[in-house]
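# Architecture at a glance
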Amino acid sequence: MKVLILGGGGREHALAWKIAHSPIVTQLFCAPGNAGIGQVAKCVDGLDINNGAEVVAFCQRIEVGFVVIGPEAPLAAGVADQLRANGIGVFGPNKAAAQLEASKAFTKEICDACGAPTAAWARFSERDTALAHVRQQGAPIVIKADGLAAGKGVVVAETLAQAETAIEEMFAGAFGSAGAEVVIEEFMDGEEASFFVLTDGRTVLPLPTAQDHKRVGEGDTGPNTGGMGAYSPAPVMTTEMQKRALEEIIHPVITEMARRGMRYQGVLYAGLMIDANGPRLVEINARFGDPECQPLMMRLKSDLLPALMACDGNTLPEITLEWSEEPAITVVMAAKGYPGSYDKGDTIEGLDAAEQVDGVKIFHAGTRTGPGGIEAAGGRVLNITASGKDISEARERAYEAVDLIDWPGGFVRRDIAWRVLS
Ligand code: AMP
Ligand code: GLY
């Protein structure tokens, strides 16, 4: 079967690397892909991956039988709906179900309807009522643009002044239509973890736990990013905590979605805040986490593709996945300046030597092939991923590989997985 992956980041490279090994696959395509993905799949240029009609036409022309949607934008645009309507298999929820990521207020309503624990919240479509609300609540408080804002639409305000500025900016259009509605939430303290399940809308197959580092700076300081590193497993997600997250959050949400006629098929990514009282939902994403997907794929021993295909049908109860006991870690190499502005076009050397380090696999995020070799072409550029007998060996291997990469324009956080090792 021919398979198409949509997306071109480190998550998609990790998915492509696993799927390329599947005996079911005759040919693997990825749109748009990147320089690393090009080593395991045929990259497709010029396809608008958020345009369902274009994606369907491409699949019909090339006879693609299954599409794996990596990022949220095509899900929110209804690309999965159009593929399903045309009889093409797809991994990823329909537009209505993807509202769990595309609208923060929608997710909060679902939580309230099914009793899933989450932060107290209120929604506002007018600046003045939002300002009055934060003045009444005080800080710390969390201000969120309702819609998709590429991970940038959340401000954890430590002071009232920060909260007011965030509200002013969102209503002034800082996030375009995504900020036309604003959700204001109680600040939750605790430790964050990412919990992923595959689901067909009824059955749930939990994946091993993972945790990412969202802040750009060491010690988890500075602005939020898409994620500067990740590791799996996440010790904070004990067996008991996983059981509680499934019973109190995941199953109720999936059941409530089905009850509303919005069957959720794909991966459900629950961002959780863990404290002494148990797990609370921070957010839901309708896709794999990036970079959490990378250590997960590193640990997966089974063929991924049948599990993804099962989410699109009714065979998920028959699927079991085998995972390596060895932990894995991903260190993100980003362009200096990220998550602000940064340069593109630097040539990166030393990748081959870095990948020779035991247990290391390098997934590409923002790269392209230039005249001099592999070039940086994004904010997050490389994902140095390593496994080891324990997390400390995995981490040593990852940083040994990082140090073999010659790219003066790049930087890493040196403390990925510090919570596990401290
Ligand atoms: P989100 O895009 O909703 O995941 O928010 C991005 C990040 O903001 C989360 O990963 C948390 O670190 C933080 N965050 C979001 N909501 C809250 C909250 N209610 N309390 C504390 N931190 C939050
Ligand atoms: N690593 C966080 C995300 O993918 O949203």
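Use the structure listed above.
Now for a look at the structure at hand. As the structure is a prediction and not an experimental result, all values here were calculated from the model.

Cut-offs applied
Residues numbered from 1 in each chain as written. Chains lettered and ligands numbered in written order. Predicted model: local features only at pLDDT ≥ 70, side-chain atom pairs only at ≥ 80, totals over all residues. Heavy atoms only, no water. Near = heavy atom within 4 Å. Polar contact = N/O pair within 3.5 Å; in protein donor to acceptor, adjacent residues only side chain to side chain. Nonpolar A, V, L, I, M, F, W, Y, C, P; charged D, E, K, R; others polar. Phe/Tyr/Trp six-rings, centres within 6.5 Å; stacked < 30°, edge-to-face > 60°. Helix = DSSP H or I, 4+ residues; strand = E, 2+ residues; numbered from the N terminus. Buried < 20%, exposed > 50% of the residue type's maximum accessible area, 1.4 Å probe, protein only. Patch = residues over 30% accessible without salt bridge, like charges linked within 9 Å, V, L, I, M, F, W, Y side chains within 5 Å. Areas by Shrake-Rupley, 256 points an atom, 1.4 Å probe, with all protein chains shown as cover. Salt bridge = Lys/Arg side-chain N within 4 Å of Asp/Glu carboxyl O. Lys, Arg positive; Asp, Glu negative; His and termini not counted. Charge placed at Lys NZ, Arg CZ, Asp CG, Glu CD. Pairing = 2+ DSSP bridges. Contact = heavy atoms within 4.5 Å. Axes fitted to C-alpha atoms, helices over the stretch in contact; angles between N-to-C directions. Core = buried A, V, L, I, M, F, W, Y, C linked by side-chain atoms within 4.5 Å. Arc of directions from axis to C-beta. Parallel < 35°, antiparallel > 145°, perpendicular 65-115°, else oblique. Left-handed = near helix turned anticlockwise from the far one by under 90°.

### Brief notes about the site of ligand 1
Taken together, 15 residues are adjacent to ligand 1, and Glu185, Glu186, Met188, Glu192 and Glu283 come closest. The contact in question runs from an oxygen atom of ligand 1 to an N or O atom on the side chain of Glu192, over 2.4 Å. In this structure, an oxygen atom belonging to ligand 1 sits 3.4 Å away from a side-chain N or O atom of Lys214. Classifying every residue of the shell around ligand 1 gives 8 nonpolar, no polar and 7 charged.

### Quick notes on the packing of aromatic side chains
Applying the stated criterion across every chain yields a total of 6 aromatic pairs. Between Phe91 and Phe288 the ring centres are 6.1 Å apart and the planes differ by 25 degrees, which places this aromatic pair in the stacked class. Here Phe91 is found in strand 5 (residues 89-91), whereas its partner Phe288 is found in the loop between strand 17 (278-285) and helix 10 (293-299), with 197 residues between them in sequence. We classify Phe91 as buried; its relative accessible area is 3%. Given a relative accessible area of 3%, Phe288 falls into the buried group. Cluster of aromatic residues (ring-pair linked, three or more members): Phe91, Phe196, Tyr269 and Phe288.

### Remarks on a negative patch on the surface
Taken together, the side chains of Glu326, Asp390, Glu396 and Glu400 define an acidic patch exposed on the protein surface. Tracing the backbone through its elements, the reader meets Asp390 in the loop between strand 22 (380-387) and helix 13 (391-404).

### What to know about the sheet that holds strand 2 (residues 27-32)
Two orientations exist for strands paired in a sheet by backbone hydrogen bonds: parallel and antiparallel. A sheet is described by the order of its strands in space; here 5 strands give the open sequence 3-2-1-4-5, paired in parallel fashion. Lying at the two open borders of the sheet, with one neighbouring strand each, are strand 3 (42-43) and strand 5. Bridge count for strand 2 against strand 3 is 2 bridges, and the pairing is parallel. Bridged to Cys30 within strand 3 is Cys43. The sheet strands contacting helix 1 (residues 10-20) are strand 1 (2-7), strand 2 and strand 4 (64-69), and the helix crosses strand 1 at an angle near 170 degrees. Along the sheet face, helix 2 (residues 52-62) touches strand 1, strand 2 and strand 4 and points at about 155 degrees away from the line of strand 1.

### So, the sheet that holds strand 7 (residues 141-145)
Strand order in the open sheet formed by 4 strands is 6-9-7-8, with antiparallel pairing between adjacent strands. Strands with a single pairing partner mark the edges of an open sheet, and in this sheet they are strand 6 (121-124) and strand 8 (154-157). Between one strand and the next, the sheet's axes are offset by a mean angle of 20 degrees, whatever the strand orientation. Two elements, strand 7 and strand 8, share 4 bridges in a ladder whose sense is antiparallel. What sits directly across from Lys144, in strand 8, is Val154. Packed on one face of the sheet, helix 6 (residues 104-114) meets strand 6, strand 7, strand 8 and strand 9 (182-186) and runs near 140 degrees to strand 6. Running over the sheet, helix 7 (residues 127-137) touches strand 6, strand 7 and strand 9 and is turned about 155 degrees from strand 6.

### Some details on the nonpolar core
Counting 52 residues, the largest nonpolar core has Leu4 and Val67 as the members making the most contacts within it. Look past the residues within four positions of Val67 in its chain and what remains in contact with it is Leu4, Leu6, Cys59, Leu83, Ile88, Gly89, Val90 and Phe91. Core analysis: the next-biggest nonpolar cluster, separate from the first, contains 40 residues, Ile19, Ala41, Phe66 and Leu300 among them.

### Considering helix 2
Within helix 2 the residues assigned to the buried category are Gly52, Val55, Val56, Phe58 and Cys59. When helix 2 is viewed along its axis, its buried side chains cluster within an angular range of 160 degrees and face the same direction. In the core, the buried residues of helix 2 are packed alongside strand 1, strand 2, strand 4 and helix 4 (79-85). Two or three places before Ala53, at the opening of helix 2, Asn51 has a side-chain oxygen 3.1 Å from that residue's backbone nitrogen. Positive phi appears at Glu63, one or two residues downstream of helix 2, with a value of about 65 degrees.

### As for the site of ligand 2
By nearness alone, every residue bordering ligand 2 is listed as Asp212, Gly226, Tyr269, Asn285, Arg287, Gly289, Asp290, Pro291 and Glu292. Contact distances for ligand 2 include 2.9 Å between an oxygen atom and a side-chain N or O atom of Arg287. Residue Asp290 places a main-chain N or O atom 2.9 Å away from an oxygen atom belonging to ligand 2. Within the complex, 89% of the 200 Å² of free accessible area of ligand 2 lies under protein. The residue makeup of the shell around ligand 2, split by class, is 2 nonpolar, 3 polar and 4 charged.

### Considering the packing of helix 7 against helix 8 (residues 160-171)
As a packed pair, helix 7 and helix 8 sit with axes 10 Å apart at the nearest point and diverge in direction by 165 degrees. It follows from the interaxial angle that helix 7 and helix 8 lie roughly antiparallel. The way helix 7 lies across helix 8 gives a crossing that is right-handed. Of helix 8, the residues touching helix 7 (which contributes Arg127, Ala130, Leu131, Val134 and Arg135) are Leu160, Ala163, Glu164, Ile167, Glu168 and Phe171. Taken together, the residues of the contact of helix 7 with helix 8 sort by class into 7 nonpolar, no polar and 4 charged.

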